[in-house]
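The primary structure of each chain is shown beneath.
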Amino acid sequence: GPWMGFVTMGDMIKAWGITQTETYQYTWTNQNPGTDYEIYVQCWDVNNVDADMIIIPVTTLNMGGEGVAEMTIEIGEFGGDEDYGYYQWVTYIPNENVSLHRDIIIEKEAYESEEWGEENLLNYLKQDNPWDPYWDQYGIDEAQWSAKPDTWYIAFSIAKNANDEWGPLAGVEFKTPGNSTGVNELASGK
């Protein structure tokens, strides 16, 4: 706040908050489900004297159901070019029991190495990562991943239900085309 000229938290709320003089209802959107938040309220009088700040703890409702949290993965368009880089679109679709999911693509060769494998991948995906704003996904995730042409990958996803129980790991193996105009090749049996 100080580098923007704010002396107190109240100054920041006055500048960026919602100013009202009567009863008011506001709905915040794009908040994570099942998450604790705090709402800060700053009142001041006609002389611009601040009252004590009010902090209201709230918890958003959880998503999903109590059944098995399962994901479906669809491989989309591959595109890009050598100058700006190549990309692969992957869509991760949760069932009705999913509260949150975590998604990744990994080169098949790397996944089959000693460094990764299913156990290490599961440990990685199940570990919380509060510093990554894209780590926890809610609802359908249409992700654009950096990818190399003519390379085998596996797209993975794992999800939790409303009881924080992990469902099965979903995976789809695919090969990117040799150039941006080609069509992905999906492995049979996955």
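Above: the structure in question.
Here the structure is a predicted model, which is why all the values come from computation and not from measurement.

Scoring rules and cut-offs
Residue indices begin from 1 for each chain and proceed along its sequence in written order. The predicted origin of the model limits local features to residues at a pLDDT of at least 70 and limits the giving and counting of side-chain atom pairs to 80 or more, whereas totals for whole chains, interfaces and linings rest on all residues. To obtain the side-chain values, all non-hydrogen atoms of the structure were included, while hydrogens and water were left out. Going along the chain from the N terminus, every DSSP run of H or I of four or more residues is numbered as a helix, and every run of E of two or more is numbered as a strand. Radius of gyration here is computed from C-alpha atoms only, and the compact-globule reference equals 2.2 Å multiplied by the residue count raised to the power 0.38. When a residue's accessible area, from a 1.4 Å probe over protein chains only, is under 20% of the maximum for its type it is buried; when over 50% it is exposed; and in between it is partly exposed. Polar contact criterion, stated in full: a pair of N or O atoms within 3.5 Å, where within protein one must be able to donate a hydrogen and the other to accept it, and residues adjacent in sequence count only if both atoms are side-chain atoms. By definition, residues are in contact when any of their heavy atoms lie within 4.5 Å. Paired strands are those between which DSSP finds at least two bridges. Only C-alpha atoms enter the line fits that serve as axes; for helices the fit covers just the stretch in contact. Angles between N-to-C directions range over 0 to 180 degrees. Residues form patches when they are more than 30% accessible in relative terms and have no salt bridge. Like charges link within 9 Å. Nonpolar side chains (Val, Leu, Ile, Met, Phe, Trp, Tyr) link within 5 Å. Only the protein chains shown count as cover for residues, and the accessible areas themselves come from Shrake-Rupley with a 1.4 Å probe. Think of a salt bridge as a Lys or Arg side-chain nitrogen and an Asp or Glu carboxyl oxygen that are within 4 Å of each other.

> Hey, could you go over the overall build of the protein chain for me, with residue numbers and the actual values?
Each helix and strand in the protein chain was counted, giving three helices and nine strands. A compact globule built from 190 residues would reach a C-alpha radius of gyration of about 16 Å, whereas the protein chain, at 23 Å, exceeds it by more than 25%. Dimensions of the protein chain, computed from C-alpha atoms along their principal axes, come out at roughly 70 × 45 × 30 Å. Each of the 190 residues in the protein chain was classed as buried or not, and the buried ones make up 29%.

> I'd like to hear about the side chain of asparagine 97, residue by residue, with values.
Inspection of the secondary structure assignment puts asparagine 97 in the loop between strand 4 (85–94) and strand 5 (100–107). Take asparagine 97: its relative accessible area is 13%, and that puts it in the buried class. Within the structure, asparagine 97 has its side chain in polar contact with the backbone nitrogen of glycine 67 (distance 3.3 Å). Apart from the residues within four sequence positions on either side, asparagine 97 is in contact with Gly64, Gly65, Glu66, Gly67, Val68, Ala69, Lys160, Asn161 and Ala162.

> Just give me the short version of the sheet that holds strand 9 (residues 185–186), but keep the residues and values in it.
Sheet strands associate in pairs through backbone hydrogen bonding, adopting either a parallel or an antiparallel arrangement. Reading across the sheet, the four strands line up as 5-7-8-9 and stay open at both edges, with antiparallel pairing between neighbours. Only two strands of the sheet have a single partner each, and these edge strands are strand 5 and strand 9. Note that strand 8 (residues 170–175) and strand 9 share two bridges and pair antiparallel. In the strand pairing of strand 9, lysine 175 is matched with glutamate 185.

> Tell me what's going on with the sheet that holds strand 6 (residues 141–146), and back it up with residues and numbers.
The strand order across the open sheet formed by three strands is 3-4-6, and the pairing between neighbours is antiparallel. Taken across any chain shown, the strands that pair with only one partner, and hence form the sheet edges, are strand 3 (71–81) and strand 6. Averaged over all adjacent pairs, the angle separating strand axes in this sheet is 20°, with direction ignored. Alignment of strand 3 against strand 4, held across nine bridges, turns out to be antiparallel. Counterpart to phenylalanine 78 in the pairing with strand 4 is glutamine 88.

> Lay out the pairing of strand 4 in plain terms, naming residues and giving numbers.
Between strand 3 and strand 4, which pair antiparallel one after the other, the connecting turn spans three residues. Inspection of the sheet shows strand 4 paired to strand 6 by six bridges, in the antiparallel sense. Looking at the pairing, threonine 91 lines up with glutamate 142 of strand 6.

> Describe a nonpolar patch on the surface, naming the residues involved and giving the relevant values.
Residues Ile18, Tyr24, Tyr26 and Trp28 make up a contiguous nonpolar surface patch of roughly 450 Å² in combined accessible area. With respect to the helices and strands, tryptophan 28 occurs in the loop between helix 1 (9–16) and strand 1 (36–41). Classification of tryptophan 28 by relative accessible area gives partly exposed; the value is 48%.

> An account of the pattern of salt bridges is requested, with residue identities and associated values reported.
Pairing is possible between side chains that carry opposite charge, provided their charged atoms lie close to one another. Taken as a whole and assessed by the stated rule, the structure comprises eight salt bridges. Put simply, arginine 102 and aspartate 128 hold a salt bridge, and the shortest N to O gap is 2.7 Å. Of this pair, arginine 102 sits in strand 5 while aspartate 128 sits in the loop between helix 3 (117–126) and strand 6; the two residues are 26 residues apart in sequence, bridging distant segments of the chain. Across the salt bridge formed by glutamate 112 and lysine 108, the nearest N and O atoms sit 4.0 Å from each other. Accessibility expressed as a relative area gives 55% for glutamate 112, which makes it exposed. We classify lysine 108 as partly exposed; its relative accessible area is 22%.

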